[in-house]
Amino acid sequence: MGQSTELSSTRVVTRDGVVTATVLDRVSPDRVYLMLVKGSAAAQYVRTTDDTALVPRDVKDLLIFPKPE
Amino acid sequence: MPVILLEKDPFAEVLQDNKAVLSAGGELNVRRPLWGIVQKKNTFAYLSIYQSISGGEPTPISLIDSSAPGGYSLSNHNFFLQDVQDQRQEKFQLIPTFGPYYVFFYGKQPVILQCSGLLLNTDDFNWKNEFLNNYENYLRGTKCVENQARVYMGFDDVIVEGYIIACSVAYNKDLPYLCPFTFQLLVTNYQDVSEPIVTKAEEARQVGGTSGMPETSTFQNQSTSLTPEAQALNEELGYESLDQLKYVEYLSDLWSEGVWEVDPSTGVSKHASEGTGDIPAGIDEWGMAGRTASWVSEHRPVRKQWLEDGEALTRIDLASTQQQQGSDAVSVRQKMKKDASAFPLTSRNQASRVGASLTTGVCNSTIVVADSPKV
C-alpha cells in the first residue's frame, strides 16, 4: 500500500524546455506535491509565472495514501 | 487507472520564437574542398632548450646531436614524431541538485601533450641513447628548472613551450633497430605559426573573372579560358558567364554577416562592422549567386531542434506505449495510424491543458488516462 510503479518515462525537447512524461499506475500525494514544487521552482528559475494547473478531481480520486484506513 | 505527470524542466535562456537562431549559418557560407587542397610544406619535428634568467633574452643550450657538425646543435631533429595528442579540458564543478544541474567554470586545466614516435637504434643512428642522454641532462622538468630553461618543441605548424615530465622507451625483439618512445610535455606556451592562404571567402578558390578581388589572393587571376571539363562543370552548375566570379568551393550561398564582437567594457556582443561592405564583388545584395540548391530553399522547413505540441504528444504516446507494451516503434506507429483515438495524448485537443504543458512557459499537469492501447 502506498507504493506506485513507474510504467514509463519519456523526455521530449520542446521550444523552451525539456518535458518529462511519467506514467505511474498510481500516484501518492508526495509525488503530486513534488510535481507542484518542481513547477514552482522551475518558474522561479526562469523568472516566469507558474501556470501549473490545479490537480483535477479525477486525479485526486486516485491518490493513494501511505497507510490504509 | 494510470496517471501521466507532465513536468517541464525549462531552459534558463529561452530560444524564444526565433527559428533564425537555429537556422543561422545552417545553409550559408558552406565551403568544402571540392576543387582539391593546397598541401602544407613538410616539416620535421625538433626539440630545443632555451634559458631565460630574470626575464632576459633567452639563450640557447646545446643538445647532443649526432647529425650536427661537432655533435651538438640548438635544435635536435633526431627522432620520428608520429603521434601527438593535445587534449584540452576546463576546470569545472558540476552540481546535480534536486532538479536542474548547475555548473561553475574556473579556467583551463593544464595541457599535457602526449607525444610518441620512434628512435633509431643503430651504430650510425644512435638516436635512442642520444635522446635518453638529453632527457637526463637537459630535457626533463627538474633539469629545466635548475637551468632556468624551458623545452621548445616544434611540429607541424606549431611551437610549444614547456617541460617534459615523463618519457618512456621500449625495446622490442621484433624491432631491433627501432625503439618506440613516448614523452609527455607540460605546455606553458603554445604558438600557432601557420601561414594560411585563405582566411576569408574573398581569398577562396575562384574560377573566372577577377573583378574586385584583392591582388594578394592566391587563386586570383586564374586562366579565364577553361578546360573542357571545367566548361562542362560550369554549364552543369548553371553559371551564366565566365566573367562572373565563381566560388567553386561553396555549396551554399555566400552571405556576409558582418563582425560581432564582445564589447569588453559592457560584455555585450555588438555588431562591429557593416555587412554590405564585406559582400564579395559579384554576389548581389541578397547573396544569390545562382548556386542555390534545393535544400536551402525557403520552401523547405527549417530543421529545428525541438518538437511542437502535436509532435511532442505523439512522441510521448509512442514512447510510453513502447515501454509499457515492450513493442517496437513500427508496430506502435501502425496502430497509431489506424486508430489515434486509442492513444491517451494524441487524441486529446491541443488546446487543452495537455497541450498547454508543452507550450511556452512552465505548466506542469497531471492527467488520468486509460490503460495503454494493446499493440
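Residues numbered from 1 in each chain as written. Chains lettered and ligands numbered in written order. Predicted model: local features only at pLDDT ≥ 70, side-chain atom pairs only at ≥ 80, totals over all residues. Heavy atoms only, no water.

1. As for the side chain of A:Thr52
- By the element assignment, A:Thr52 lies in the loop between helix H1 (29-45) and helix H2 (57-60).
- Of the polar contacts made by the side chain of A:Thr52, one reaches the side chain of A:Asp50; its length is 2.6 Å.
- Here the side chain of A:Thr52 touches B:Asn364 through a polar contact of 3.2 Å, landing on its backbone nitrogen.
- Sequence-distant contacts of A:Thr52, that is, excluding residues within four places in its chain, are made with A:Met35, A:Leu36, A:Gly39, B:Val362, B:Cys363 and B:Asn364. (Helix = DSSP H or I, 4+ residues; strand = E, 2+ residues; numbered from the N terminus. Polar contact = N/O pair within 3.5 Å; in protein donor to acceptor, adjacent residues only side chain to side chain. Contact = heavy atoms within 4.5 Å.)

2. Let's talk about the sheet that holds strand E12 (residues 178-192) of chain B
All names here are of chain B.
- The strand order E3-E2-E10-E11-E12-E9-E6 describes an open sheet built from seven strands, whose pairing is antiparallel. Looking at strand neighbours, the two that pair on one side only are strand E3 (59-61) and strand E6 (80-85), the edges of this open sheet. Within the sheet, the average angular offset between the axes of one strand and its neighbour, ignoring direction, is 40°.
- As paired strands, strand E9 (residues 112-120) and E12 are joined by nine bridges and run antiparallel to one another. In the sheet register, Ser116 faces E12, and the bridge partner there is Thr182.
- Here helix H2 (residues 127-139) sits on the sheet and contacts strand E2 (46-51), E3, E6, E9, strand E10 (149-155), strand E11 (158-169) and E12; the angle it forms with E11, its principal contact strand, is near 110°. (Pairing = 2+ DSSP bridges. Axes fitted to C-alpha atoms, helices over the stretch in contact; angles between N-to-C directions.)

3. Focus: the confidence of the model for chain A
- Summing up the model confidence of chain A, the mean pLDDT is 82 and the portion of residues at 70 or higher is 91%.
- Per-element confidence in chain A ranges from a low mean pLDDT of 84 for H2(A) to a high of 89 for H1(A). (pLDDT = per-residue confidence, 0-100.)

4. Overview of the nonpolar core
- Ranked by size, the top nonpolar core spans 29 residues in total, and within it B:Leu113, B:Leu139, B:Val151, B:Met153, B:Phe183 and B:Leu185 carry the most contacts.
- Of all elements in the fold, only E2, E9, H2, E10, E11 and E12 of chain B reach the threshold of two or more residues within this core.
- A per-element tally of this core places E12(B) first, with five residues.
- For B:Phe183, the residues in contact, after removing those within four places along its chain, are B:Leu113, B:Gln114, B:Cys115, B:Phe131, B:Met153, B:Ile164, B:Ala166 and B:Cys167.
- Core analysis: the next-biggest nonpolar cluster, separate from the first, contains 15 residues, A:Val12, A:Val23, B:Leu358 and B:Val369 among them. (Core = buried A, V, L, I, M, F, W, Y, C linked by side-chain atoms within 4.5 Å. Buried < 20%, exposed > 50% of the residue type's maximum accessible area, 1.4 Å probe, protein only.)

5. Here we look at the pattern of salt bridges
Residues and elements named next belong to chain B.
- Within this structure, the stated rule accounts for 11 salt bridges over all chains.
- One salt bridge connects Asp157 with Lys40, and the closest N-O pair in it is separated by 3.1 Å. With Asp157 in the loop between E10 and E11 and Lys40 in the loop between helix H1 (19-23) and E2, this residue pair connects regions lying 117 residues apart in the sequence.
- Taken together, the shared-partner salt bridges in this structure form one network comprising Arg31, Arg205 and Glu249. (Salt bridge = Lys/Arg side-chain N within 4 Å of Asp/Glu carboxyl O.)

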